[in-house]
Amino acid sequence: MLISGGDDLDIDLRYSRSMGPDRIHPRVMRELADELAKPLSIIYHQSWLTGEVPDDWKLANVTPIHKKGAKEDPGNYRPVSLTSVPGKIMEQFILSAITQNLQDGPGIRPSQHGFRRGRSCLTNLIFFYDQVTCLVDAGKAVDVVYLDFSKAFDTVSHSILLNKLAARGLDKNTLRWVRNWLDGRAQRVVVNGAASSW
């Protein structure tokens, strides 16, 4: 069964997290975990089997979080999308299945550092620095080109993403769930309790 969790699945339900549009606080989920585990596992499994994603899980409150600098400058805020806590848990199950599928096959190269457990931008930098240092110590010339693709990942074509996941052999139930999850999403901006339209 896909939705088993496993020891490597780390679902973040810290009390400090905010509520999504469904108004369910992560603390409620954590404190009632024993009582909610069985009914939620049934809902999650049925959602995965049918590929149907509850509409509530597709809603998001976008809240600006101040990063640095003058609070009057809108450029100093980062938008954070707050979604349904039960939906986030299901997303983690699906993400775990996709990641496992990619790691088991030829999907993720060993040189990939971002979005992998135990690897980060810092481990990438350390690996890169070590390689450059070895080359310089050997008296070889090193040219470095820095590219920032961060904005490229803000707009990913859903059809291309789904085709690539299918090409990597992801099972049909998970593909159908992801397709449904991506379809019909809605968001609104919420600032100081005032909300825009969806």
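Residues numbered from 1 in each chain as written. Predicted model: local features only at pLDDT ≥ 70, side-chain atom pairs only at ≥ 80, totals over all residues. Heavy atoms only, no water.

As annotated in an unreviewed UniProt entry, the protein carries the name Reverse transcriptase domain-containing protein and comes from Hirundo rustica rustica.

## Points about the overall build of the protein
Looking only at helices and strands, the protein has six helices and four strands in total. Reading the secondary structure of the protein in the N-to-C direction produces α-α-β-β-α-α-α-α-β-β. Relative to its full complement of 198 residues, the protein shows a buried share of 23%. A separation of at least 24 residues holds for 59% of the contacts in the protein among residues at least 6 apart in sequence. (Helix = DSSP H or I, 4+ residues; strand = E, 2+ residues; numbered from the N terminus. Buried < 20%, exposed > 50% of the residue type's maximum accessible area, 1.4 Å probe, protein only. Contact = heavy atoms within 4.5 Å.)

## Things to note about the pairing of strand 3 (residues 186-191)
Two elements, strand 1 (residues 59-66) and strand 3, share four bridges in a ladder whose sense is parallel. Bridge pairing links Asn 61 to Arg 188 in strand 3. Pairing geometry for strand 3 and strand 4 (residues 194-195), over two bridges, is antiparallel. Bridging from a neighbouring strand, Val 191 pairs with Ala 194 of strand 4. The hairpin formed by strand 3 and strand 4 contains two residues between the paired strands, and Asn 192 there has a positive phi angle of roughly 50°. (Pairing = 2+ DSSP bridges.)

## What about the sheet that holds strand 1?
The four strands lie next to each other as 2-1-3-4, forming an open sheet whose pairing is mixed. Since the sheet does not close on itself, it has two edges, and those belong to strand 2 (77-83) and strand 4, each with one partner.

## Structural notes on a nonpolar patch on the surface
Taken together, the side chains of Leu 122, Leu 125, Ile 126, Phe 128 and Val 144 make up a nonpolar region of the molecular surface, amounting to roughly 500 Å² of accessible area. Examined against the element boundaries, Val 144 turns out to sit in the loop between helix 4 (121-137) and helix 5 (158-167). (Patch = residues over 30% accessible without salt bridge, like charges linked within 9 Å, V, L, I, M, F, W, Y side chains within 5 Å. Areas by Shrake-Rupley, 256 points an atom, 1.4 Å probe, with all protein chains shown as cover. Salt bridge = Lys/Arg side-chain N within 4 Å of Asp/Glu carboxyl O.)

## A short note on the pattern of salt bridges
A complete count under the given rule lists one salt bridge for this structure. Among the ionic pairs, Arg 27 bridges to Glu 31, the shortest N-O distance being 3.0 Å. Of this pair, Arg 27 and Glu 31 both sit in helix 1 (residues 26-31), separated by four residues, roughly a single helical turn. Overall, Arg 27 belongs to the partly exposed group, its relative accessible area being 45%.

## Topic: the packing of aromatic side chains
Counting across every chain of the model gives three aromatic pairs. Taking the centre distance of 5.7 Å and the plane angle of 55° together, the rings of Tyr 44 and Trp 57 count as tilted. You can see Tyr 44 sitting in helix 2 (residues 33-50) and its partner Trp 57 sitting in the loop between helix 2 and strand 1, a full 13 residues away along the chain. Both residues of the pair, Tyr 44 and Trp 57, count as buried. Residues Trp 177 and Trp 181 carry aromatic rings whose centres are separated by 6.2 Å and whose planes lie at 15° to one another, so their mutual orientation is stacked. With Trp 177 and Trp 181 both in helix 6 (residues 172-182) and four residues apart, this pair spans about one turn of that helix. Among the residues examined, Trp 177 registers a relative accessible area of 1% and is labelled buried. A network of ring pairs unites the aromatic residues Tyr 44, Trp 57 and Phe 93 as a single cluster. (Phe/Tyr/Trp six-rings, centres within 6.5 Å; stacked < 30°, edge-to-face > 60°.)

## Considerations on helix 2
If you check helix 2, its first and last C-alpha atoms are 24 Å apart, about what 18 residues at 1.5 Å a residue would give, namely 26 Å. The sharpest bend along helix 2 comes to roughly 30°, located at Pro 39. Tucked inside the fold, the buried residues of helix 2 contact helix 1, helix 3 (85-104) and helix 6. Looking one or two places after helix 2, you find Gly 51, whose phi comes out positive at around 80°. (Expected span 1.5 Å × (residues − 1). Bend = angle between axes of the 7 residues up to and from the residue.)

## Considering unusual backbone geometry
With a phi close to 65°, Arg 23 is a non-glycine residue in the positive phi region. Its place among the elements puts Arg 23 in the segment before helix 1. With a relative accessible area of 60%, Arg 23 lands in the exposed category.

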